[in-house]
Amino acid sequence: MALVLMAIAAREAWQVVGMQLGREAAQLVIEAVGVLAAAVVALQIAQTITEEEVIRSAHISAPTRVRRFLSRFMVVIVVALAIEALVATFRAAHDDSTELLHAAAMVLAVGVLLAGWGVFIRLNRYAEELEPEAMREAKREDHKLK
């Protein structure tokens, strides 16, 4: 799916080559960046799942594993949503200002996700202190990825 999304983004970028530079060309470039962000999300999620489930054969039950897995996942999601919010903001600002409320809601959602993720990491650190052996085991498994 990531390859399909990259092809779509490349097609949109190629359309810009034949256009006069202006607002419409800028909009296509911004949309292509949004599609590329979605492709990166798909690739990162596949990589995370492959590393955790196939290479490490890890069972995600220890707090360290949960924090690492969700952190990798959340980084990708937050960045992709932030780019989509930026695309929506540009689109709304140039095309339809009534859509600015939706773009602002997306920006707010990114902020809420970041705050929730921060709280999760903070609370999860306390759980890790209760299980130091899980942290040592997770570090031992990291050598499989090098």
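Being a predicted model, the structure only gives us computed values, none of them experimental. (Residues numbered from 1 in each chain as written. Predicted model: local features only at pLDDT ≥ 70, side-chain atom pairs only at ≥ 80, totals over all residues. Heavy atoms only, no water.)

### Details of a nonpolar patch on the surface
Phase 1: Where nonpolar side chains cluster on the molecular surface, the patch consists of Leu3, Met6, Leu36 and Leu43 and spans about 370 Å² of accessible area.
Phase 2: Contributions of two or more residues to the nonpolar patch are made by α1 (2–17) and α2 (23–55).
Phase 3: Inspection of the secondary structure puts Leu3 in helix α1. (Patch = residues over 30% accessible without salt bridge, like charges linked within 9 Å, V, L, I, M, F, W, Y side chains within 5 Å. Areas by Shrake-Rupley, 256 points an atom, 1.4 Å probe, with all protein chains shown as cover. Salt bridge = Lys/Arg side-chain N within 4 Å of Asp/Glu carboxyl O. Helix = DSSP H or I, 4+ residues; strand = E, 2+ residues; numbered from the N terminus.)

### Here's the deal with the environment of Val66
Phase 1: Position of Val66 among the secondary structure elements: in helix α3 (residues 63–94).
Phase 2: On the basis of relative accessible area, Val66 is assigned to the partly exposed category, the value being 21%. (Buried < 20%, exposed > 50% of the residue type's maximum accessible area, 1.4 Å probe, protein only.)

### Topic: the confidence of the model for the protein chain
Phase 1: Counting all residues, the mean pLDDT for the protein chain is 78, and 77% of those residues have values of 70 or more.
Phase 2: For the protein chain, the element scoring lowest by mean pLDDT is helix α5 (residues 132–141), at 63; α1 scores highest, at 87. (pLDDT = per-residue confidence, 0-100.)

### Here we look at the environment of Val33
Phase 1: Residue position: Val33 is located in helix α2.
Phase 2: As for Val33 and Ala9, which are separated by 24 residues in sequence, their C-alpha atoms are 7.2 Å apart.

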